[in-house]
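Fold and contact review
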Amino acid sequence: MWYPGHINKAKNAIKKNLKIVNSIIEIVDARAPYSSRAYEFEKLFQGKDKIIILNKADICDLEKTKKWEELYKKRGYKVIKTSLKDVNARNFLIKNVAPLIPVKFNEKTAIIVGAPNVGKSTFINSIKGKKSTNTGNMPGITRGIQWVSAGNNIRILDTPGILFPELYNKSITSKLILIGSLKAEDDEADEAVFYAYEYLKNNYPKVIKKIVDNDLHKGAYEFILEFAKKRNFIKKGGIGDYERGKMTFLKELIDGKYGKITYDDIEEFEEIKI
């Protein structure tokens, strides 16, 4: 699993800086409210006041998201649901997040964390008031630890996106690929697409029907071939181009092109310490 040394260094830096902040702001992708918390949060943030921002609410299943909100609140988290791309980041921080941060020494300070591609870097860059060429969906692309001032005595300590050193569960790996938090390597893209097909077929069958409205696909492989043909990705002999179809389907899933989908079912995780 891709886990460069600078991410491990960043995790150590987070530990070192926790004592100087009042709260943890944790941004997660609302399509994977547990799986996108893919770092050792229970060890890193123990004893700290914690705020969870469920981002990308515009493309998640709101009924499932409500259950996650209730579970996290029950377990002591302060929870905000939003779509950060649709709000003014500075105003959102001041009006919605800052009131949840306790004051210490006349300041509100927090460390902001999140897996890659959950919206953290875009949020921070918007607060800064400038775009950054480093924003992207590659794990750890924001490599430094830096303070960001939002005015009103609010200071946020930014961190890189970090993942588990080893992902213990194949379904979590697939979900992280499907939301763009993890770059697929080797056969991981196939596994993620096959996982998505089965999950959509069982939980959101209308999405599958809308994408390929016929019964020729009896499984994920046939579905991708039909998807490729529909997009006019045709190989010699009139066969759909599987590789091109697979990667296009994967990208569109990451981008939320198929409507309101959530991959984490609360029943999978509610017994886990979260």
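Just above sits the structure.
Figured I'd write up the structure that's included with this text. Everything numeric here is computed off the predicted structure, so don't read it as measured data. (Residues numbered from 1 in each chain as written. Predicted model: local features only at pLDDT ≥ 70, side-chain atom pairs only at ≥ 80, totals over all residues. Heavy atoms only, no water.)

Interaxial distance between helix H7 (residues 188-203) and helix H9 (residues 220-230) falls to 9 Å at its minimum, and their mutual angle equals 95°. Classified by the interaxial angle, the pair formed by H7 and H9 is roughly perpendicular. Of the residues in H9, those in contact with Val193, Phe194 and Tyr197 of H7 are Ala220, Tyr221, Phe223 and Ile224. Considered class by class, the residues forming the contact of H7 with H9 number 7 nonpolar, no polar and no charged. (Axes fitted to C-alpha atoms, helices over the stretch in contact; angles between N-to-C directions. Helix = DSSP H or I, 4+ residues; strand = E, 2+ residues; numbered from the N terminus. Parallel < 35°, antiparallel > 145°, perpendicular 65-115°, else oblique. Contact = heavy atoms within 4.5 Å. Nonpolar A, V, L, I, M, F, W, Y, C, P; charged D, E, K, R; others polar.)

This paragraph deals with unusual backbone geometry. Unlike most non-glycine residues, lysine 56 shows phi in positive territory, near 65°. Among the secondary structure elements, lysine 56 is positioned in the loop between strand E2 (49-55) and helix H3 (62-74). On the accessibility criterion, lysine 56 (15% relative accessible area) is buried. Here asparagine 117, not a glycine, exhibits a phi torsion of approximately 70°, which is positive. With respect to the helices, strands and loops of the structure, asparagine 117 is situated in the loop between strand E4 (108-113) and helix H5 (120-128). When its relative accessible area of 22% is taken as the criterion, asparagine 117 is described as partly exposed. (Buried < 20%, exposed > 50% of the residue type's maximum accessible area, 1.4 Å probe, protein only.)

Attention shifts here to the nonpolar core. Note that soluble globular proteins tend to have their nonpolar side chains buried in a common cluster. One finds Leu200, Ile211, Phe223, Phe249, Leu253 and Tyr258 to be the most contacted residues of the largest nonpolar core, which totals 46 residues. At the level of secondary structure, the elements contributing two or more residues to this core comprise E2, H3, helix H6 (170-178), H7, helix H8 (205-211), H9, helix H10 (242-254) and helix H11 (266-269). At 7 residues, H7 tops the list of elements feeding residues into this core. Here leucine 253 is in contact with Arg31, Leu178, Ala196, Leu200, Tyr258 and Tyr263, once residues within four sequence places are set aside. Membership of the second largest hydrophobic core comes to 23 residues, among which are Phe92, Val97, Ala115 and Val118. (Core = buried A, V, L, I, M, F, W, Y, C linked by side-chain atoms within 4.5 Å.)

For the rest of this paragraph, the subject is the pattern of salt bridges. Applying the stated rule across the entire model yields 19 salt bridges. Aspartate 265 is the partner of lysine 64 in a salt bridge, and the nearest nitrogen-oxygen pair spans 2.7 Å. Here aspartate 265 lies in the loop between H10 and H11 and lysine 64 lies in helix H3, a separation of 201 residues in the sequence. Using a relative accessible area of 17% as the deciding quantity, one classes lysine 64 as buried. Notably, a salt bridge pairs lysine 246 with glutamate 243, separated by 3.0 Å at the nearest N-O pair. Pair noted here: lysine 246 and glutamate 243 are both in helix H10, with a separation of 3 residues, about one helical turn. The buried category is assigned to lysine 246, whose relative accessible area is 4%. Here the salt bridges share partners, and the residues they tie into one network are Asp29, Arg31 and Lys56. (Salt bridge = Lys/Arg side-chain N within 4 Å of Asp/Glu carboxyl O.)

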